[in-house]
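# What the coordinates show
So you can see what is in the structure, the chains are spelled out below.
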Amino acid sequence: MTTTPSNDSLKVFAYLEAKLGESSEIIGVGDSKEVSKVDIMAVHDRPEQGVKTYATLDFATHDIGLEANGKDLRVELVMACGAGYQHGAHILASCAFEAMNDGANIGPGEILEDVVALYHPDFVMQHAMLVDPFLWDMESQQLETRTVAFLQIIPISTAEADYAEANGPDALQDRFVAEQIDVYDLERSSVI
């Protein structure tokens, strides 16, 4: 059965294409329990050559229990990684499933455990931290039925997750800036 996207979903899609680039493919990803599904747009060579950007397209239909400007606040997730990594869309979808299926908090500074490890168990980067998008100039969208904000996924190590837990996510982000990490590299070294 095919569903027709809502006007709000179409507006968010148009905004994402304007900010990230025209999508080269749309990937439907279902969870392992066959409970939830999310569509992911993929954009090649954005924000630079050799990088692939992914964004959820319909995660904003999921209620995260927050309000802004008198409307439900919803979120779409974005992530960029080296184009050679096979599971970028699945990592992003797993972040959405953490909220959809398991009630994980979604907001800046939140850490979603083991979402990278599901696909790359041997990588030092195992988890994901949600941050305000800094690779793209994105603004929340005021739609008829909701406000849609955007959060970027940064893969992080267990040591980095522990550091953020002890010192706060802003302290970890300051370390990232000081070390000038390559946020596209899922195999980068941990800064902690």
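Here, the structure is the one placed above.
Quick look at the structure, then. (Residues numbered from 1 in each chain as written. Predicted model: local features only at pLDDT ≥ 70, side-chain atom pairs only at ≥ 80, totals over all residues. Heavy atoms only, no water.)

Attention now goes to the overall build of the protein. Counting secondary structure elements, the protein contains four helices and nine strands. Element order for the protein, N to C, with α for helix and β for strand: α-β-β-β-β-β-α-β-β-β-β-α-α. Rg of the C-alpha trace for the protein: 16 Å, near the compact-globule value of 16 Å for 192 residues, within the 12% margin. Summing over all exposed atoms, the protein offers an accessible surface of approximately 9600 Å²; the carbon and sulfur share of this is 44%. Charge centroids of the protein, computed over 11 positive and 33 negative side chains, lie 6 Å from each other. (Helix = DSSP H or I, 4+ residues; strand = E, 2+ residues; numbered from the N terminus. Rg over C-alpha atoms; globule rule 2.2 N^0.38 Å. Areas by Shrake-Rupley, 256 points an atom, 1.4 Å probe, with all protein chains shown as cover. Lys, Arg positive; Asp, Glu negative; His and termini not counted. Charge placed at Lys NZ, Arg CZ, Asp CG, Glu CD.)

Attention now goes to the state of the cysteines. In a disulfide, the sulfur atoms of two cysteines are covalently bonded to one another. Counting across every chain of the model gives zero disulfides. You can see Cys-81 has no disulfide; the closest cysteine sulfur is in Cys-95, sitting 12 Å from it. Cys-81 sits in the buried class, given a relative accessible area of 0%. (Disulfide = S-S within 2.5 Å. Buried < 20%, exposed > 50% of the residue type's maximum accessible area, 1.4 Å probe, protein only.)

Once that is clear, we can look at the nonpolar core. Counting residues in each nonpolar core, the largest one holds 31 residues, and the members touching the most others are Ile-40, Phe-59, Leu-77, Ile-106 and Ile-153. Contributing elements (two or more residues each) for this core: β1 (25-30), β2 (37-44), β5 (71-82), α2 (88-102), β7 (125-131) and β9 (146-157). No other element matches the eight residues that α2 contributes to this core. Sequence-distant contacts of Ile-40, that is, excluding residues within four places in its chain, are made with Glu-25, Ile-26, Ile-27, Val-29, Tyr-54, Ala-55, Thr-56, Leu-57, Ala-89, Leu-92 and Ala-93. (Core = buried A, V, L, I, M, F, W, Y, C linked by side-chain atoms within 4.5 Å. Contact = heavy atoms within 4.5 Å.)

Turning our eyes to something else, we now look at helix α1 (residues 7-20). Between its terminal C-alpha atoms α1 stretches 20 Å, which fits the 20 Å expected from 14 residues at 1.5 Å a residue. Among the residues making up α1, those that are buried are Asp-8, Ser-9, Val-12, Tyr-15, Leu-16 and Leu-20. Taken end-on, α1 shows its buried residues confined to a sector of 125°, consistent with a single buried face. Those residues of α1 that are exposed and aimed more than 90 degrees away from the buried face are Asn-7 and Ala-18. The inward-facing, buried residues of α1 abut β2, β3 (51-56), β5, β8 (141-142) and β9. Phi turns positive one or two residues past the end of α1, at Gly-21, with a value near 115°. (Expected span 1.5 Å × (residues − 1). Arc of directions from axis to C-beta.)

So, on to unusual backbone geometry. For the bond running from Arg-46 to Pro-47, omega is 5°, close enough to zero to count as cis. Residue placement: Pro-47 occurs in the loop between β2 and β3. Phi is positive for Asp-45, which is not a glycine, with a value near 55°. Within the fold, Asp-45 resides in the loop between β2 and β3. A positive phi angle, near 50°, is found at Gln-180, a position not held by glycine.

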